[in-house]
Every structure is written in structure tokens, then in C-alpha cells.
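# Descriptive analysis of the structure
What follows is each chain in one-letter form.
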Protein chains: 2
Amino acid sequence: MDRLIDAIDAKENPSVVGLDPTPALLPEPLLASVREETPSNQAAALADAYVAFNAAIIDAVKDVVPAVKPQIAMYEALGVSGIDAYVRTAATAQRAGLYVLGDVKRGDIGSTAAAYASHLSGLPGFGQTAATPDLWHEDAVTVNPYLGTDGITPFVDAATAHDKDLFVLVRTSNPSSSELQDLDAEGTAISDRVGDLVERWGAQTRGKHGYSRVGAVVGATHPDDGRRLRARLPHTFFLVPGFGAQGGTAADIVPMFDAQGHGAIVNSSRGIIGAWRNDPAAAGVTDTTQALDLVATAARRAALAMKATITTELEKSLGN
Amino acid sequence: MDRLIDAIDAKENPSVVGLDPTPALLPEPLLASVREETPSNQAAALADAYVAFNAAIIDAVKDVVPAVKPQIAMYEALGVSGIDAYVRTAATAQRAGLYVLGDVKRGDIGSTAAAYASHLSGLPGFGQTAATPDLWHEDAVTVNPYLGTDGITPFVDAATAHDKDLFVLVRTSNPSSSELQDLDAEGTAISDRVGDLVERWGAQTRGKHGYSRVGAVVGATHPDDGRRLRARLPHTFFLVPGFGAQGGTAADIVPMFDAQGHGAIVNSSRGIIGAWRNDPAAAGVTDTTQALDLVATAARRAALAMKATITTELEKSLGN
């Protein structure tokens, strides 16, 4: 986790921009060219529009945030050309110096989990060559814990071998997350049990900042759970979704951080990439270049505002 | 689930072939052409080899089995070209009249789960057209329940709208599955609680055979759990992995079926697609055509043997 924490320190900003495009988040000029395509070509055209949209945002926020988090589902909805757009987006972000957190929520049993771990390791050495071309351009991925240790170990091994990280779902931000994650299992909430497993999975991978390569996803919509988990998992770095559009406030995210104001990174997606919709200039945009300029300017402004909100709230809490 | 059950009845065979290729499962002539490529082209070459390998198997078993189950992780390990090979494989199987069960184990929160549900629904109506081109060529997908109801509902809606199905992970076949799934949560095992949710999620989608569109994954390695879940979930069709290579025996899978010998389908991957490795002729194969013939012949023989094993065991248990 050291690379991510160093990047947060360098930018003085523990926030990450979620690159989760949908048609509704694209300005009209970008959609117009997609609509002109025949139905069988629309997915590929929309994928190209996502790449252009993301590239404008990446360029606008690359000196503000340490990381981006593309949500692969949004790309997977467009089939193979969507996956290609995901990889192109990740590669663009890495070239811009950003840490790429692939929100893929994969998880399967042993040998299958090992195949998924190629997200971090590249194509395993094949034939005469030891070369492992990077196929996904991710610095970390999110992983689902329902299958237990042997679904996680291959990711930990790949992360360790390639100086990358993973984030395991512990307490997700959605309303029905409580159905399983809140259950009392033999005296301990399921989310706490998963948290304990996360500490164990990461135990051999602690870095110079004291956090392991195995982070946890803890939603901003559950500040009490966050406070409890923060105390319970001292070596686990938190990825905190649910801020903004999903209802998590700046006060809600404070308990996710440690006593020094470290130990967590907060995600915002729609609040940043859809910020252009609140700009009065949006109505007057008529071509793609204007539209991408508007998207970029609004995203940068929103990313700076988010940085200010979070750092102000953290300083307030540390000052207390 | 009616389409799958009708296909099982027509073939008189409740088994599915797992199309989970790995380099180790390909005969040498198929690998030779991959090795000749530069490292950056090997993933695409291997993806093409997977498509040829799968096509030979699909053609050989299409009149024996009702369904195939490609495991997307094996393809995802090859990046974008692997995903393309997955979709080409699925399309080939559907053209051969097979039900395609995409083993993708996706799962996320509300709007993101809706994006993943495009696996079943195609690209949501976009622009002026109501056309929804099928991007994935799957008849069902597997889904992870850790995020609760709002991660599942979009899949149920898509399945209902497009006459497709989903299978939720309930009790997986791997050793460490017990870490979470076996926990006693307020008097009920987690796997039973998830099973109860599955019955609820499927309640409005029961078909003519009495089973809903929301099936459950229950590993053959846990026959006692299978027996308990079979009784507890009368409207839930089971997908049963873990037979063969993972240790599940013919006797172990009997409890997964209902009193009429219906209600479940058993998967075998390596036992079918890697059967060629046990053929003495394997050593003498020198070109790709011979290799694919060998793979096909051995896969067909193994698929017929599996059908005989399962149906004999089921008849024995029904006769008791």
C-alpha cells in the first residue's frame, strides 16, 4: 500500500475519482455521434466516447488526486469494446502518473482466483519467455470475500510479487448490505469477521507506513461501523465509497481515518465526473471539444472542492 | 429456469461441461503456435487457441449435454482478447443449441449491479432505437450475494425480461468456503440464510417445472449441506460444481436432486475438456487438426461416461 500512501501524501489529498461513465453522465455532443451508429455499432461508439470523456477528466485532475477508480461494470455493460475502453482508460491514467484502483469485485475459488489475479500479475510466464505483459494496467483491484481464504491468497501473492494491492469488501455502502454483513455470527458481526480475515491475509505484507497490501472497502454510509473497524483493523487501509451521491457526508468519513489523519482514501464518482451538469454553461455546449472542456473544468473544480472538504474536516477532527 | 430444465429433459442428462481452458489443458500443437509469438502477442494467440479448443469440444458434446459453463476468469487472464474469446465461445455454443451458463460471479451495488446485468439484457436501449444487441451470449450468469438484495434485483429483472436465469453462490465447493458460509448467524448457517434469500429473490419467477429463475450454486463437496439445502429450498434449482477433479463423487451429488431426480445440474470441467490427456494417442499427435480431433473424441467419451455415471446413480437412489 506504500505507493498509494506516498501518492496521497504527495498530493496532500486522500481522495480518489471514480471513473464510472454512463450514457446519462455524457454531454449531448458525445452522445450524438453514438446515436448515429447502427444498433450493432453503438456499444463500440459509446466505448470510444467513454475513453474520450475519461481522458479529459484524467488530464484535468492528475495534479489534484493521487488515484482513479474505474468501475469495470460500467464498461462491461458494453461488452468486449467496453472492456477495451476500461483497459485504455487504466493505461491513460497510469501514464498520467495516477494509481489505478480497478473496482472489479472479483472472487472465485483457488485456481480460478489465480486466473483473476492476472489483473495484477499480467499474463503468467508462457513458453520460452519470462516476460509478463501487463494486460489490465491496474495498481490494485477490489475482491469479494464470500469464498474465503483460498479465493484471496492468489491476489495477495500477485500483489506481493508485483508491488500492487487489493481491497476486500468488508462493509459495503448500499442499503441491503446489512442483510449479511450485519449478522451476528457466533458473537461477532460478519463484517468484523471479514475484517479480521483481512488483517490476517495482509499480515505478511505490511509496508513502511504500517499498512498491509490487503485493504478493506468500508462504506461512508456506515460511520459507526467505520469507527469500530478502524480500531479493530490497525494495519488495514480503507477504501471508502459512498461519499456524496450515496449520502455519506464529510463528517461521516472522519472515523475511517487513523489518529494521524491517514489510513483511508475516499471515493467520489458522480460528484466529480458529472459535475459539469451543474454548470450553467452546459446548456450552450454544441460540439465535442467544448463538451470535453466543460467536463474537464467542472471535474477539476469539483475534485479541488472535495479535497478541501475532506482535509478541512480531517484537520478539524485532528485539532480536537 | 424452464429452458434449462427442458434442455436437460431432452438430452436426459443433468450435466454441464465447464469450458475453463488453461495452457496446461491444451495439446502441444495448439501451444506451439502461441510460443512462436512475441510476448505482447501471446495473449491474443492463446485466446485464439482457446476458441479453437472450445469449438472442437462444443461440436463433440452438443448432442450429449444440455449446457456449457465457460468460466470467465480463464479468459479474463488474457485481457481484452481473452474476453473476446469468451464471447466468441459463448456465441458458438448458443449457435450449437446449447444453454450457456456464464460463470462470472459478478456482484455489486444497485446501479453498478444493473450495469453488470447487461450480461443478460444486452446494451440497454440507447438513443432512437429500442434494439438491444446481445453482447455476451449467455443464458444465465452466476452472482455473488455478499452485497445483499440490491445487488441481486437488477439481475432478476434482466433475467425475467429476457427469459434468462441466474445462479447465486450459496455453498461453494472450495475448502475455505466454510470460513464464512458455515458460520452460525443468529441460529442459522450463513449458507442457509443466503439460500432463504435466494428463495425470496426468485419467488415471483417460478416456471412450469416449479423452479424459479434464481438458482443456487451448491458444491458437490458438501453433500450434507446439499441435502439440507435441497429440503429447505424447494423452488431453487442447483448448479453443482466440484464433481470429479475437486473430489465430489457420484454418490455426493444425489442429495442435490429432488425426489423425482430433477432440480440440479452437475458441472465437470477438467474431467471432460482435459480427458484427452489420458488417451494413449496423445503422445503421437503432431499437428493441430489431429490434436483437436483427439480433444473432441476424448471429451465426447468423457461426457457420455459422466452422463452414465450420474443417471445410474440417480436411478439407483430413486429405486430405493
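Residues numbered from 1 in each chain as written. Chains lettered and ligands numbered in written order. Predicted model: local features only at pLDDT ≥ 70, side-chain atom pairs only at ≥ 80, totals over all residues. Heavy atoms only, no water.

Quick look at the overall build of chain A now. The helix and strand tally for chain A stands at 14 helices and ten strands. Computed over C-alpha atoms, the radius of gyration of chain A comes to 19 Å, within 12% of the 20 Å expected from 2.2 N^0.38 for 320 residues, which places it in the range of a compact globule. Its C-alpha atoms give chain A principal-axis dimensions of roughly 60 × 60 × 40 Å. Considering only contacts within chain A whose residues lie at least 6 apart along the sequence, 74% involve residues at least 24 apart. Carbon together with sulfur atoms contributes 52% to the accessible area of chain A, which is approximately 10800 Å² in total. (Helix = DSSP H or I, 4+ residues; strand = E, 2+ residues; numbered from the N terminus. Rg over C-alpha atoms; globule rule 2.2 N^0.38 Å. Contact = heavy atoms within 4.5 Å. Areas by Shrake-Rupley, 256 points an atom, 1.4 Å probe, with all protein chains shown as cover.)

Residues and elements named next belong to chain B. Two elements in contact, helix α3 (residues 39-61) and helix α14 (residues 288-319), have axes whose closest approach is 8 Å; the angle formed by their N-to-C orientations is 45°. Taken together, the axes of α3 and α14 lie oblique to each other. The crossing of α3 and α14 is right-handed. Note on element contacts: α14 touches α3 through Leu292, Val295, Ala296, Ala299, Arg300 and Ala303, opposite Ala52, Phe53, Ala56, Ile57, Ala60 and Val61. (Axes fitted to C-alpha atoms, helices over the stretch in contact; angles between N-to-C directions. Parallel < 35°, antiparallel > 145°, perpendicular 65-115°, else oblique. Left-handed = near helix turned anticlockwise from the far one by under 90°.)

On to the relation of the copies chain B and chain A. Superposition of chain B onto chain A requires a rotation of 180° combined with a translation of 0.0 Å along the rotation axis, giving an RMSD of 0.0 Å. Here the two chains are linked by the operation of a two-fold rotation axis. Closest approach to the rotation axis within chain B is made by the C-alpha atom of Ala185 of chain B, at a distance of 2.0 Å. Here 100% of the interface residues in chain B have copies in chain A that are interface residues too; the copies meet face to matching face. (Least-squares fit on C-alpha atoms with pLDDT ≥ 70 in both.)

Residue and element names in this part refer to chain A. Tallied over the full model, the rule gives eight aromatic pairs over all chains. Measuring from centroid to centroid gives 5.5 Å for Tyr75 and Tyr86, while their planes differ by 70°, and the two rings are edge-to-face. Of this pair, Tyr75 sits in helix α4 (residues 72-76) while Tyr86 is found in helix α5 (residues 79-95), placing the two residues eleven residues apart along the sequence. Assessed through its relative accessible area of 0%, Tyr75 is described here as buried. Chaining the aromatic ring pairs together yields one cluster made of Tyr50, Tyr75, Tyr86 and Trp136. The positively charged end of Arg230 is found above the aromatic ring belonging to Phe238, 4.1 Å away from the centroid. (Phe/Tyr/Trp six-rings, centres within 6.5 Å; stacked < 30°, edge-to-face > 60°. Buried < 20%, exposed > 50% of the residue type's maximum accessible area, 1.4 Å probe, protein only. Lys NZ or Arg CZ within 6 Å of the ring centre and 35° of its normal.)

Moving on to the packing of α3 of chain B against helix α5 (residues 79-95) of chain B. Residue and element names in this part refer to chain B. Where α3 meets α5, the axes come as close as 9 Å, and the angle between the chain directions of the two elements is 15°. In this view, α3 runs roughly parallel relative to α5, as classed from their interaxial angle. Handedness of the α3/α5 crossing: right-handed. Along its contact with α3, which presents Ala43, Ala44, Ala47, Asp48, Val51, Asn54, Ala55 and Ile58, the element α5 presents Ser81, Gly82, Ala85, Arg88, Thr89, Thr92 and Ala93. Across the contact of α3 with α5, the residue classes break down as eight nonpolar, five polar and two charged. (Nonpolar A, V, L, I, M, F, W, Y, C, P; charged D, E, K, R; others polar.)

What follows concerns unusual backbone geometry. Residues and elements named next belong to chain A. Notably, Glu12 is not glycine yet its phi reads approximately 50°, a positive angle. Looking at the element boundaries, Glu12 is found in the loop between α1 (2-11) and β1 (15-19). A relative accessible area of 59% places Glu12 in the exposed class. With a phi angle near 55°, Asp163 is a residue other than glycine that sits in the positive phi range. One can find Asp163 in the loop between α8 (149-162) and β5 (165-171).

Further remarks concern the sheet that holds β5 of chain A. Residue and element names in this part refer to chain A. The eight strands are arranged β1-β2-β3-β4-β5-β8-β9-β10 in a closed barrel whose pairing can be described as parallel. Taken over all neighbouring pairs, the strand axes of this sheet differ in orientation by 30° on average, direction set aside. Relative to strand β10 (residues 264-268), β1 runs parallel, the two sharing three bridges. Within β10, the position partnered with Val16 by the bridge is Asn267. Sheet strands touched by helix α10 (residues 190-202): β5 and β8 (214-218). Its angle to β5, the strand with the most contacts, is close to 165°. (Pairing = 2+ DSSP bridges.)

What follows is about α10 of chain A. For an α-helix, 3.6 residues make a turn, and residues three or four places apart therefore share a direction. Residues and elements named next belong to chain A. For α10, spanning 13 residues, the distance from its first C-alpha to its last is 18 Å, which sits close to the expected 18 Å at 1.5 Å a residue. Here α10 lies mainly inside the structure; ten of its 13 residues are buried. When α10 is considered as a whole, its buried residues turn out to be Ile190, Ser191, Asp192, Val194, Gly195, Leu197, Val198, Glu199, Trp201 and Gly202. (Expected span 1.5 Å × (residues − 1).)

Below, the discussion takes up the pairing of β1 of chain A. Both faces of the sheet carry side chains from a regular strand, because those side chains alternate between them. Residue and element names in this part refer to chain A. Of all five residues in β1, five are buried; the element is thus mostly enclosed. Residues of β1 alternate between two faces, with Ser15, Val17 and Leu19 on one and Val16 and Gly18 on the opposite face, all of them buried. Across four bridges, β1 lies against strand β2 (residues 67-70) in parallel orientation. When the bridges of β2 are listed, Leu19 appears paired with Pro70.

Two side chains that carry opposite charge are able to pair once their charged atoms sit near each other. Applying the stated criterion across every chain yields a total of 52 salt bridges over all chains. Between Glu76 of chain A and Arg106 of chain B there is a salt bridge whose closest N-O contact spans 2.8 Å. Of this pair, Glu76 of chain A sits in helix α4 while Arg106 of chain B sits in strand β3 (residues 99-106), placing the two residues on different chains. Residues Glu76 of chain A and Arg106 of chain B agree in their burial class; the two are buried. Three or more residues joined by partner-sharing salt bridges are found here, namely Arg171, Asp182, Asp192, Asp196, Asp225, Arg228 and Arg232 of chain A. (Salt bridge = Lys/Arg side-chain N within 4 Å of Asp/Glu carboxyl O.)

On the side of chain A, 74 residues touch chain B, which itself brings 73 residues to the contact. Summing both partners gives a buried area of about 5900 Å² for chain B against chain A, and 64% of it is carried by carbon and sulfur. Run the count over chain B and chain A and you get six salt bridges. Where Lys105 of chain B meets Asp108 of chain A, a salt bridge forms, and the shortest distance between an N and an O atom there is 2.8 Å. In this assembly, chain B and chain A are joined by 33 residue pairs in polar contact (both at pLDDT 80 or more). (Buried area = accessible area lost by both parts, 1.4 Å probe. Polar contact = N/O pair within 3.5 Å; in protein donor to acceptor, adjacent residues only side chain to side chain.)

This brings us to the environment of Thr288 of chain A. Residue and element names in this part refer to chain A. On the secondary structure map, Thr288 appears in helix α14 (residues 288-319). Here Thr288 falls in the partly exposed class, since its relative accessible area comes to 35%. Sequence separation of Thr288 and Ala159 is 129 residues, and the distance between their C-alpha atoms is 39 Å.

Further remarks concern the side chain of His119 of chain B. Assignment of secondary structure puts His119 of chain B in helix α7 (residues 118-121). In contact with His119 of chain B, other than residues within four places in its own chain, are Glu76 of chain A together with Val104, Arg106, Trp136, Glu138 and Val141 of chain B.

A separate point is the environment of Asp165 of chain B. Residue and element names in this part refer to chain B. Mapped onto the fold, Asp165 is located in strand β5 (residues 165-171). Classification of Asp165 as buried rests on a relative accessible area of 2%. Along the primary structure Asp165 and Glu138 are separated by 27 residues, whereas in three dimensions their C-alpha atoms are 9.4 Å apart. Reaching out from Asp165, the side chain makes a polar contact with the backbone nitrogen of Met1 at a distance of 2.8 Å.

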